[in-house]
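Report on the structure
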Amino acid sequence: VELLGDRVRLGQVVGNLVENAIRHSAHGGEILVEIGERAELVRLVVRDRGPGIPAALREQLFDRFVQGPGHTGSLGLGLYVVKQIVDAHHGKVFVEDVAPHGAAVVVELPKAATATNAPTTATPTPLGSPVPARPHRNRRKRRRRPPPRA
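These numbers were taken from a predicted model, which means no experiment stands behind them.

What counts and what doesn't
- Residues numbered from 1 in each chain as written.
- Predicted model: local features only at pLDDT ≥ 70, side-chain atom pairs only at ≥ 80, totals over all residues.
- Heavy atoms only, no water.
- Helix = DSSP H or I, 4+ residues; strand = E, 2+ residues; numbered from the N terminus.
- Contact = heavy atoms within 4.5 Å.
- Areas by Shrake-Rupley, 256 points an atom, 1.4 Å probe, with all protein chains shown as cover.
- Pairing = 2+ DSSP bridges.
- Axes fitted to C-alpha atoms, helices over the stretch in contact; angles between N-to-C directions.
- Parallel < 35°, antiparallel > 145°, perpendicular 65-115°, else oblique.
- Left-handed = near helix turned anticlockwise from the far one by under 90°.
- Nonpolar A, V, L, I, M, F, W, Y, C, P; charged D, E, K, R; others polar.
- Buried < 20%, exposed > 50% of the residue type's maximum accessible area, 1.4 Å probe, protein only.
- Arc of directions from axis to C-beta.
- Salt bridge = Lys/Arg side-chain N within 4 Å of Asp/Glu carboxyl O.

Concerning the overall build of the protein
Counting secondary structure elements, the protein contains two helices and six strands. Secondary structure elements of the protein occur, N-terminal to C-terminal, as β-α-β-β-α-β-β-β. Of the contacts made within the protein by residues no fewer than 6 positions apart, 62% connect residues no fewer than 24 positions apart. Only carbon and sulfur atoms are counted for the fraction: they give 53% of the accessible area of the protein, which is about 10400 Å².

Dropping the structure here:
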């Protein structure tokens with residue numbers, strides 16, 4: 001599946017969703033990540049078998065500093081960041097209930113962005129492929145030594 005978007009930011013979306021699912025699942029619990037296509041959309045779903053998300057909290061969950069009930073230790077920014085990135089890519093993010101336990105966070109993004117709606121740093125990003133590491137750059141300028149005098 002290829003998608004026009006910012007590779008680093010889309011990788012951050014996947015990472016935040018998986019990290020969130022791990023944090024809210026029981027030790028050794030199952031987490032499922034699905035990527036598929038629907039018409040003109042790419043659909044990413046991260047499912048867990050945790051306690052689920054109360055219906056009253058589902059809309060607020062993407063606000064800054066909001067955490068699920070009984071969970072502490074994080075700042076409550078992960079899903080907020082996900083929403084900001086998805087919005088910048090003209091997509092949608094929402095929560096689906098997984099009966100009897102768990103939740104699924106769904107991200108839907110347009111497959112092809114036009115010049116008017118593409119993020120400014122858009123490059124084709126194959127979902128599911130690793131993000132290449134950036135080469136280390138020494139920021140100090142090295143001085144060349146003058147040749148030895150004879």
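Back to the write-up after that little detour.
Some points on the sheet that holds strand β2 (residues 31-38)
Reading across from one edge, β2-β3-β5-β4 is the order of the four strands in this open sheet, with antiparallel pairing throughout. Unpaired on one side and paired on the other, β2 and β4 (92-97) mark the two borders of the sheet. Recorded for the sheet is a direction-independent mean angle of 20° between the axes of neighbouring strands. With eight bridges connecting them, strand β3 (residues 41-48) and strand β5 (residues 103-110) associate as antiparallel partners. Across the sheet, the residue bridging to V45 is V106, located in β5. Lying over the sheet, helix α1 (residues 7-23) contacts β2, β3 and β5, oriented at roughly 20° with respect to β3. Most of the contacts of helix α2 (residues 78-88) go to β4, to which it runs at about 130°, and overall it touches β4 and β5.

Here's the deal with the packing of α1 against α2
As a packed pair, α1 and α2 sit with axes 9 Å apart at the nearest point and diverge in direction by 150°. Taken as axis vectors, α1 and α2 run roughly antiparallel relative to one another. For α1 against α2, the interelement crossing comes out left-handed. The residues of α2 that touch α1, namely those facing R9, Q12, V13, N16, L17 and N20, are G78, L79, V81, V82, I85 and V86. The class makeup of the residues in the contact of α1 with α2 is seven nonpolar, four polar and one charged.

Considering the pairing of β2
As judged from the eight bridges shared by β2 and β3, these two strands associate in the antiparallel manner. Paired with E37 across the two strands is V42, which belongs to β3. In textbook terms, the turn of a hairpin is the stretch between consecutive antiparallel strands, and for β2 and β3 this stretch comprises two residues, one of which, A39, has a positive phi near 45°.

What to know about α2
Of all the residues in α2, the buried ones are L79, V82, I85 and V86. Take α2 and look down its axis: the buried residues cluster within an arc of 120°, on one side only. On its buried face, α2 is in contact with α1, β4 and β5. Looking one or two places after α2, you find H90, whose phi comes out positive at around 60°.

A word on the pattern of salt bridges
The tally for this structure, following the rule as stated, stands at eight salt bridges. Residue E19 is joined to R23 by a salt bridge in which the shortest nitrogen-to-oxygen separation is 3.4 Å. Of the two residues, E19 and R23 are both situated in helix α1; the distance of four residues between them amounts to about one turn of the helix. A residue is classified by how much of its surface remains accessible, and E19, at 46% relative accessible area, is partly exposed. Between R47 and E34 there is a salt bridge, with its nearest N and O atoms 3.5 Å apart. Pair noted here: R47 is in strand β3 and E34 is in strand β2, with a separation of 13 residues, a long-range link. Judged by its relative accessible area of 21%, R47 falls in the partly exposed class. Through salt bridges with shared partners, a single network forms among R43, K92, E96 and E108.

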